[in-house]
Amino acid sequence: MAGKRLLIVSVSAGHGHLRAAEALCAGVRRWFPEHEARHVDLMTLVPILFRKAYKDAYLKLVQKHPAIWGYLYARSDRSGADAALAKLRKAVESACNRELLNIIREYGPDAVVCTHFMPLQVLARWKAGGKVDLPVWTCVTDYVAHRFWLEPGQEGYFTAGEENARRMAARGLDPERVFVTGIPIVPEFLPPPDANEARRAAARRFGLDPEEKTVLLMGGGAGVGDMRSLAAALLDLPVRFRLVALAGNNRPLLAELKALAAERPGRLLPLGFSNEVHLLLQAADLVVTKPGGLTTAECLALGKPMLVHSPIPGQEEHNADFLLENGAAFKAVDIEGLLWKVGRLLEDTALLERLARNAASLGRPYAARDILSKVLARA
């Protein structure tokens, strides 16, 4: 194939959509270096006040009013909520019209891949109106596709599992255009040749004892308390393990965790933002996390059992259901249940290993490569 150009378009409403787009760009560099890819976040093309309003509204709903978000998610999935979606699409389209069209015309992509439903909706409208004429693909970033993703007539659709592929076809998409590939993740999360040796090496990289179990705590959230309190409660469990807590870019939280670590020497490793999450996952025996689509895909790729909590109603609840049905995770609905289940899993090695095997069987570490192969073959 001659060198092709791919435009990957996402929306920074949550980090998963961006991470999926970045994974596809990284996949081009690793597996298809004769081609090139460019990532565009639609929110960087709209006025700052519009961007802030859009992102703040989403974050406020999912963080402060999850029940309202869950109601809106379920209702719009049942009905399609065409009027509401049309209004949102029109607003975004109007805000980014000139900038996105200029990018498409100047970059001249051979195909576009969307990792969020909004650019898919905008591009579908433009194609129908003759503004653009190029193949558009959709990459669903959770384990169940909301109706907003199901825009008929696109070149193809990539999804995480067979059940969702059947659901998408039943809702009107051409089954010949729906491909089960998994959710794209960056190549760093490819499983190492020897998982046990990789675990030991990763543990040593962070000053952890390879002979001691390690729990990786990622994210806080409503329902189980703040991360500092949760970390302290975990360290009070009557079982020996090392806790690694990721605070991300939350500096006040990182300071709180460091103070807690000073009170519990040798028990807690607090970390801020890290480019080595893949190594932290390799070092972990159990991951305590919210079940975001990308986080879930990364853990499964490395065969890591999860204890999930505080799922966002709608997409993350579906992700949690997928993990539970396939025996790759436990779920906690409150802090008491979370603590009990962590203790049980750490004490029952056979159970923990069974969850790990199930997780590995679900992993699709080469999803980005498989998606890109299909897109480039038809570009």
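Scroll up a little and you will see the structure.
The sections below set out a description of the structure shown in this document. These numbers were taken from a predicted model, which means no experiment stands behind them. Numbers given for residues are sequential positions, taken from 1 along each chain in its written order. Residues qualify for local features only when their pLDDT is at least 70, as the model is predicted, and side-chain atom pairs are given and counted only at 80 or more; totals for whole chains, interfaces and linings, by contrast, use all residues. With hydrogens and water stripped out, all remaining heavy atoms of the structure feed into the side-chain values.

Considering the pattern of salt bridges
The salt bridge definition used is simple: a Lys or Arg side-chain nitrogen within 4 Å of an Asp or Glu carboxyl oxygen. By the definition in use, this model includes 15 salt bridges. For Arg 166, the salt bridge identified is with Glu 162, shortest N-O distance 3.4 Å. Of this pair, Arg 166 and Glu 162 both sit in helix 6 (residues 162–170), four residues apart, which is roughly one turn of the helix. Note on exposure labels: buried denotes an accessible area under 20% of the residue type's maximum, exposed denotes more than 50%, and partly exposed covers the range between, all computed with a 1.4 Å probe on protein chains only. When its relative accessible area of 47% is taken as the criterion, Glu 162 is described as partly exposed. Arg 177 is paired through a salt bridge with Asp 174; the nearest N and O atoms lie 3.7 Å apart. Under the relative-accessibility criterion, Asp 174 is labelled partly exposed at 35%. In this text, helices come from DSSP runs of H or I with a minimum length of four residues, and strands from runs of E with a minimum of two, each type numbered from the N-terminal end.

Comments concerning the packing of aromatic side chains
The aromatic pairing rule takes the rings of Phe, Tyr and Trp, using the six-membered ring of Trp, and pairs them if the centres are within 6.5 Å, calling planes under 30 degrees apart stacked, those over 60 edge-to-face and the rest tilted. With the rule as written, the count across this model stands at seven aromatic pairs. Relative to Phe 158, the ring of Trp 137 lies with its centre 5.2 Å away and its plane at 10°, an arrangement referred to as stacked. One end of the pair, Trp 137, is in strand 4 (residues 136–139); the other, Phe 158, is in strand 5 (residues 156–159), with 21 residues separating them in the sequence. As far as burial versus exposure is concerned, Trp 137 and Phe 158 are alike and both buried. Seen in terms of ring centroids, Phe 158 and Phe 179 are 5.9 Å apart; in terms of plane orientation they differ by 35°. Their pairing is tilted. Placement of Phe 158 in strand 5 and of Phe 179 in strand 6 (residues 178–180) is noted, with a sequence separation of 21 residues between them. Here a set of aromatic residues connected by ring pairs shows up, and it is made of Phe 117, Phe 148 and Trp 149. Stacked on the ring of Tyr 107, the Lys or Arg Arg 5 has its end atom at 5.3 Å from the ring centre. Comment: the charge-over-ring label is applied if NZ (Lys) or CZ (Arg) is within 6 Å of the ring centre and within 35 degrees of the ring normal. In this arrangement the basic side chain of Arg 267 is found over the ring face of Phe 241, its NZ or CZ atom lying 5.5 Å from the centre.

Section: the packing of helix 1 (residues 16–31) against helix 11 (residues 293–301)
Packed helices, taken two at a time, are described by the angle their axes make and the gap between the axes. Structural elements are reduced to axes, namely lines fitted to C-alpha atoms, with helices fitted over the stretch in contact, and the angle between N-to-C directions of any two is expressed from 0 to 180 degrees. Running from N to C, helix 1 and helix 11 cross one another at 50°; their axes reach a closest spacing of 8 Å. In terms of orientation, helix 1 and helix 11 fall into the oblique class. Residue-level inspection shows Gly 16, Arg 19 and Ala 20 of helix 1 in contact with helix 11, the latter providing Leu 294, Thr 295 and Glu 298. An angle counts as roughly parallel when it lies under 35 degrees, as roughly antiparallel when it exceeds 145, as roughly perpendicular when it falls between 65 and 115, and as oblique in every other case. Residues count as neighbours in contact if any of their non-hydrogen atoms are within 4.5 Å of one another.

Description of the packing of helix 8 (residues 227–235) against helix 9 (residues 251–263)
Between helix 8 and helix 9, the least distance of the axes is 9 Å, while the angle of their chain directions is 20°. Taken together, the axes of helix 8 and helix 9 lie roughly parallel to each other. As helix 8 runs across helix 9, the sense of the crossing is right-handed. Every residue of helix 9 that contacts helix 8 at Met 227, Arg 228, Ala 231, Ala 232 and Leu 235 is listed here: Leu 253, Glu 256, Leu 257, Leu 260 and Glu 263. For this classification, Asp, Glu, Lys and Arg are treated as charged, while Ala, Val, Leu, Ile, Met, Phe, Trp, Tyr, Cys and Pro are nonpolar and the rest, including Gly, are polar. Split by residue class, the contact of helix 8 with helix 9 holds seven nonpolar, no polar and three charged. Take the far helix as the reference: if the near one is turned anticlockwise from it by less than a right angle, the crossing is left-handed, and if turned clockwise, right-handed.

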